[in-house]
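Coordinate analysis (summary)
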Amino acid sequence: MPFIQFILGLSLGVGFFFWKQYQTDRQLRGMLDFLSDETAELASLPVLSLVRREVSRIFQTREQLQLQLQTWQQILEIAPIGYLLLDEDNQLIWCNQKARELLTMDSWRSGTVRLLLEFVLSYELDRAIERTRKSQQTQVIEWQFYSPKTNGKRTPLLLKATCFPLPQQEVGVFLENQQPLVELSQSRHRAKAYLAHELRTPLTSISLVAETLQSRLQNPERSWVERMLKETQRLIELVQNWLDISRLQENPQEQLQYQSIKIEELIFSAWETLQPLAQQKEVELNYFGHECVELEADRDRLTQVLLNLLDNSIKHSPVRGKIRVEVETDRPKTGELTINIIDSGSGFAAADLPHIFQRLYRGDPSRTRQSSDLSHPETLPRDGGSGLGLAIVQQIIKAHGGSITAQNHPETGGAWLKIVLPLE
Amino acid sequence: MLERTTYFQKCLRRLKQDVLRMGALVEDSFRLSHQCLFAGKLELAQEFQSREKRIDQYYRQIEEECATILTLQAPVAKELRILSAYMQLVRDLERIGDYAQNLTEMAVKLFNYPPHPCMKEIEEMSDFAQGMLRKSLKALGELDGTAGETIKHLDDEVDNAYTKIYQTLAQQRNIQGAVEPILLLALAIRDLERMADHATNIAQRVSYIVNGHRD
């Protein structure tokens, strides 16, 4: 009797043991299935070795990931642009070599977390970072950075910062040094202005000599000198225009003499000047303006703008074409004046549109230059297109605080130049 | 990696950030006034009204924050020194901002007169004062206790420059036309000298925070 009881108890215990074992097994397998899909194929192996396998695999991946992280960090560290990482309280968590160099942060040590402002006292950068955090959108700023080390002598760096939002209110910042670009473009402009200046003096004396010769010579020499004189005049004009643009660009305000101008009057007086050209092609001007608009501007400069633009329009209009000039203003709202000049020509080529305001840019050479044509005495383009006309127009409009855009008119297909000027 | 930051530490950090922000803004104002005065960029003068307001806002906000922390947290030792120094320091910063605004107003008036031969020296003086402000703000950021001494020496140089330029202006005899430009320049160097003084004060307050005694 006790023997049966013993057997019964034992089998009950063993039963319990196997049932528990089975349960643990299932739980472990479930967990393994959750971790990776490989274990399903190796289901025949004991669970314990499967668990061991899985743990070592996880360790391996972790090491790999850490290695990858290190590589990325090393790459960032030696990257040619600066990088800053800021936490939610604007503390600097990490920065790379280039950033330390650009912002002269010698006191930064990896591992210590301090406010960015303790290293870099820059109001603009701080604002941009705050804006990025608030709007959760990338912000790009360019600003003059004054290094804390430079004593007395002022050598700011033009830096460009791209701030972008990261998870958990963190912000990352890329820094680029724009200073070399600024210096390069400055020295290029200086060199060109200097060259233009140096060219002007000898050109003036050449034209003087040619003028003197002109009266003393007989044909055919006389006509040769006349040609020379014309070409020299053109070169002088080119050089003068170049100097004008450079001056306007350097200090726009000082070059302007403001006075009150009636725009309608100015447009018609410019058209009057171009009458001979217009009559040749029988081109007509259609003026559309509702009221008599007055604005504050430099009369001579604005006349130059209109002459340039209308001259272009006449050149590109077909015989008996029409040029449409519209003047609009919404004085109470924006205080701006809009002038649209639309010709009836074939418009700008799409490839030229982005470049037409660049200095010395010329559209399709077959249209504007006829130098290869030997029957023509001139070597420069006959229509006087030096490639500076629109550049000078743009500089003058910019100096007035306005803007000019070029496009093709959607209906007529002709060139459409739109000028926006502030009234005061 | 990070030690646990208490609420108190967090408050202090935010306060420090605001003080440094105000410092950056004031330094920027000083720089603008310099460009206004010596590079003839008068268009910058228009910005000053809104700047002045923002500086004032920081000033009041920081002072209030300091008072709140003092009463609610009852800090001791270094933290107490930090708070009392901040309260004084924002006053110095606000004054420098005011002087910068004065300088731009003078620049607008001076623009009508031909440049005075002293301009070069005054520009150097302004550069010097700006360098001092930058150094003392850097000391504040890094809590560098030694800066007070160095900046005091620099202040002596600004004082010397002031005396020298004052003499030149005062002893001028061949005056033609109005005396306004000379008056304005004398006021300008006075302002610059005061700005340098306030910058010195800031550095000395930093020394006080770190060392616990005034030199």
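Rules used in this analysis
Residues numbered from 1 in each chain as written. Chains lettered and ligands numbered in written order. Predicted model: local features only at pLDDT ≥ 70, side-chain atom pairs only at ≥ 80, totals over all residues. Heavy atoms only, no water. Helix = DSSP H or I, 4+ residues; strand = E, 2+ residues; numbered from the N terminus. Buried < 20%, exposed > 50% of the residue type's maximum accessible area, 1.4 Å probe, protein only. Contact = heavy atoms within 4.5 Å. Areas by Shrake-Rupley, 256 points an atom, 1.4 Å probe, with all protein chains shown as cover. 1 Å grid on protein atoms, 1.4 Å probe; cavity = no way out; pocket = protein on both sides within 12 Å on 5 of 7 lines; lining within 4 Å. Points joined across faces, edges and corners; volume = space filled by probe spheres on them. Nonpolar A, V, L, I, M, F, W, Y, C, P; charged D, E, K, R; others polar. pLDDT = per-residue confidence, 0-100. Pairing = 2+ DSSP bridges. Axes fitted to C-alpha atoms, helices over the stretch in contact; angles between N-to-C directions. Polar contact = N/O pair within 3.5 Å; in protein donor to acceptor, adjacent residues only side chain to side chain. Patch = residues over 30% accessible without salt bridge, like charges linked within 9 Å, V, L, I, M, F, W, Y side chains within 5 Å. Salt bridge = Lys/Arg side-chain N within 4 Å of Asp/Glu carboxyl O. Core = buried A, V, L, I, M, F, W, Y, C linked by side-chain atoms within 4.5 Å. Parallel < 35°, antiparallel > 145°, perpendicular 65-115°, else oblique.

Quick word on the overall build of chain A
Check the secondary structure of chain A and you find twelve helices and 13 strands. Within chain A, buried positions represent 36% of all 424 residues. Of all intrachain contacts in chain A linking residues separated by at least 6 positions in sequence, the fraction that spans at least 24 positions is 58%. Total accessible area computed for chain A in this model is approximately 25,600 Å², and 56% of it derives from carbon and sulfur atoms.

Side note on empty space enclosed by the protein
With the rule as written, the count across this model stands at three cavities of 30 Å³ or more. Estimated volume of the second largest cavity: approximately 70 Å³. Contributing to the lining of the second largest cavity are Leu121(A), Ser122(A), Tyr123(A), Glu124(A), Trp143(A), Gln144(A), Phe145(A), Tyr146(A), Ala24(B), Glu27(B), Asp28(B) and Arg31(B). Those elements giving two or more residues to the lining of the second largest cavity turn out to be helix H5 (123-135) and strand S4 (139-145) of chain A together with helix H1 (7-38) of chain B. Considering every element that reaches the lining of the second largest cavity, the biggest residue donor is H1(B), with four residues. Among the residues forming the lining of the second largest cavity, the class breakdown is six nonpolar, two polar and four charged.

Here we look at the confidence of the model for chain B
Per-residue confidence for chain B averages 86 on the pLDDT scale, and 97% of its residues sit at or above 70. For this predicted complex, the interface confidence comes out at an ipTM of 0.81, alongside a pTM of 0.68.

Description of the pairing of strand S10 (residues 322-329) of chain A
Residues and elements named next belong to chain A. Pairing geometry for strand S8 (residues 284-289) and S10, over six bridges, is parallel. Each residue of the ladder has a partner; that of Phe 288, found in S10, is Glu 326. With six bridges joining them, S10 and strand S11 (residues 336-342) adopt antiparallel strand pairing. Counted as the bridge partner of Val 327 is Ile 339 from S11.

Re unusual backbone geometry
Residue and element names in this part refer to chain A. Each neighbour pair has its own omega, and for Asn 219 with Pro 220 the value is 5°, a cis peptide bond. Positionally, Pro 220 belongs in the loop between helix H6 (179-216) and helix H7 (221-250). For Gln 169, which is not glycine, the phi dihedral falls at a positive 65°. By the element assignment, Gln 169 lies in the loop between strand S5 (157-165) and strand S6 (171-177). The phi angle at Glu 282 is positive, at roughly 55°, despite the residue not being glycine. Position of Glu 282 among the secondary structure elements: in the loop between helix H9 (275-281) and S8.

Remarks on the sheet that holds strand S12 (residues 403-408) of chain A
Residues and elements named next belong to chain A. Pairing is mixed in the open sheet, where five strands are placed in the order S8-S10-S11-S13-S12. The sheet is open, and its two borders are formed by S8 and S12, each paired with just one other strand. Recorded for the sheet is a direction-independent mean angle of 15° between the axes of neighbouring strands. Here seven bridges tie S11 to strand S13 (residues 415-422), and the two strands are oriented antiparallel to one another. In the strand pairing of S13, Asn 340 is matched with Lys 418. Sheet strands touched by helix H8 (residues 263-273): S8, S10 and S11. Its angle to S8, the strand with the most contacts, is close to 175°. Across the sheet, helix H12 (residues 389-399) is in contact with S12 and S13; its angle to S12 comes to roughly 135°.

Remarks on the side chain of Arg100(A)
Residue and element names in this part refer to chain A. Tracing the chain through its elements places Arg 100 in helix H3 (residues 97-102). Separated by 2.9 Å, the side chains of Arg 100 and Glu 77 make a polar contact. Each residue touching Arg 100, except ones within four places of it in the same chain, is listed here: Glu 77, Cys 95, Met 105 and Trp 108.

Focus on a nonpolar patch on the surface
On the surface, Met1(A), Phe3(A), Ile4(A), Phe6(A), Ile7(A), Leu10(A), Val14(A), Phe17(A) and Phe18(A) cluster together into a nonpolar patch covering about 1,000 Å² of accessible area. Within the fold, Ile7(A) resides in helix H1 (residues 2-35).

Thoughts on the nonpolar core
Within the largest apolar cluster, 69 residues are counted, with the highest numbers of intra-cluster contacts made by Met22(B), Ile62(B), Ile122(B), Leu133(B), Leu140(B) and Met195(B). For this core, the secondary structure elements donating two or more residues are H1, helix H2 (48-73), helix H3 (77-110), helix H4 (119-142), helix H5 (147-170) and helix H6 (180-211) of chain B. Aside from chain neighbours lying at most four places away, what touches Ile62(B) is Leu15(B), Asp18(B), Val19(B), Met22(B) and Val90(B). With 53 residues, the next largest nonpolar core counts Ile323(A), Val325(A), Leu388(A) and Ile396(A) among its residues.

Quick look at the confidence of the model for chain A
All names here are of chain A. Confidence along chain A averages 82 in pLDDT terms, with 88% of residues attaining 70 or more. At the level of individual helices and strands, chain A shows its lowest average pLDDT in helix H11 (residues 365-368), which scores 47, and its highest in S6, which scores 93. Across residues 366-384, where pLDDT falls below 50, the model places 25 contacts with residues more than four positions away in sequence or in other chains.

Concerning the sheet that holds S5(A)
All names here are of chain A. One open sheet accounts for six strands, arranged S3-S2-S1-S6-S5-S4; its pairing is antiparallel. The outermost strands of the open sheet, each flanked by one partner alone, are strand S3 (114-115) and S4. In this structure, S4 lies alongside S5, joined through seven bridges in antiparallel fashion. In the strand pairing of S5, Val 140 is matched with Thr 162.

Things to note about the pairing of S12(A)
Residue and element names in this part refer to chain A. Pairing geometry for S12 and S13, over six bridges, is antiparallel. Bridge pairing in S13 places Gln 407 opposite Trp 416. Remark: six residues form the turn of the hairpin made by S12 and S13, two consecutive strands paired antiparallel; Gly 413 in that turn has positive phi of roughly 80°.

Topic: the environment of Val325(A)
All names here are of chain A. Mapping Val 325 onto the fold places it in strand S10. Accessibility expressed as a relative area gives 1% for Val 325, which makes it buried. Taking the C-alpha atoms as reference, Val 325 lies 8.3 Å from Gly 289; in sequence the two are 36 residues apart.

A few points about the packing of H1(B) against H4(B)
All names here are of chain B. Axis separation between H1 and H4 bottoms out at 11 Å; the angle between their running directions is 170°. In terms of orientation, H1 and H4 fall into the roughly antiparallel class. Here H1 contributes Lys 16, Val 19, Leu 20, Gly 23, Val 26, Glu 27, Phe 30, Arg 31, His 34, Leu 37 and Phe 38 to the contact with H4, which in turn contributes Met 119, Ile 122, Glu 123, Ser 126, Asp 127, Ala 129, Gln 130, Leu 133, Arg 134, Leu 137, Leu 140 and Gly 141. The residue inventory of the contact of H1 with H4, partitioned by class, reads twelve nonpolar, five polar and six charged.

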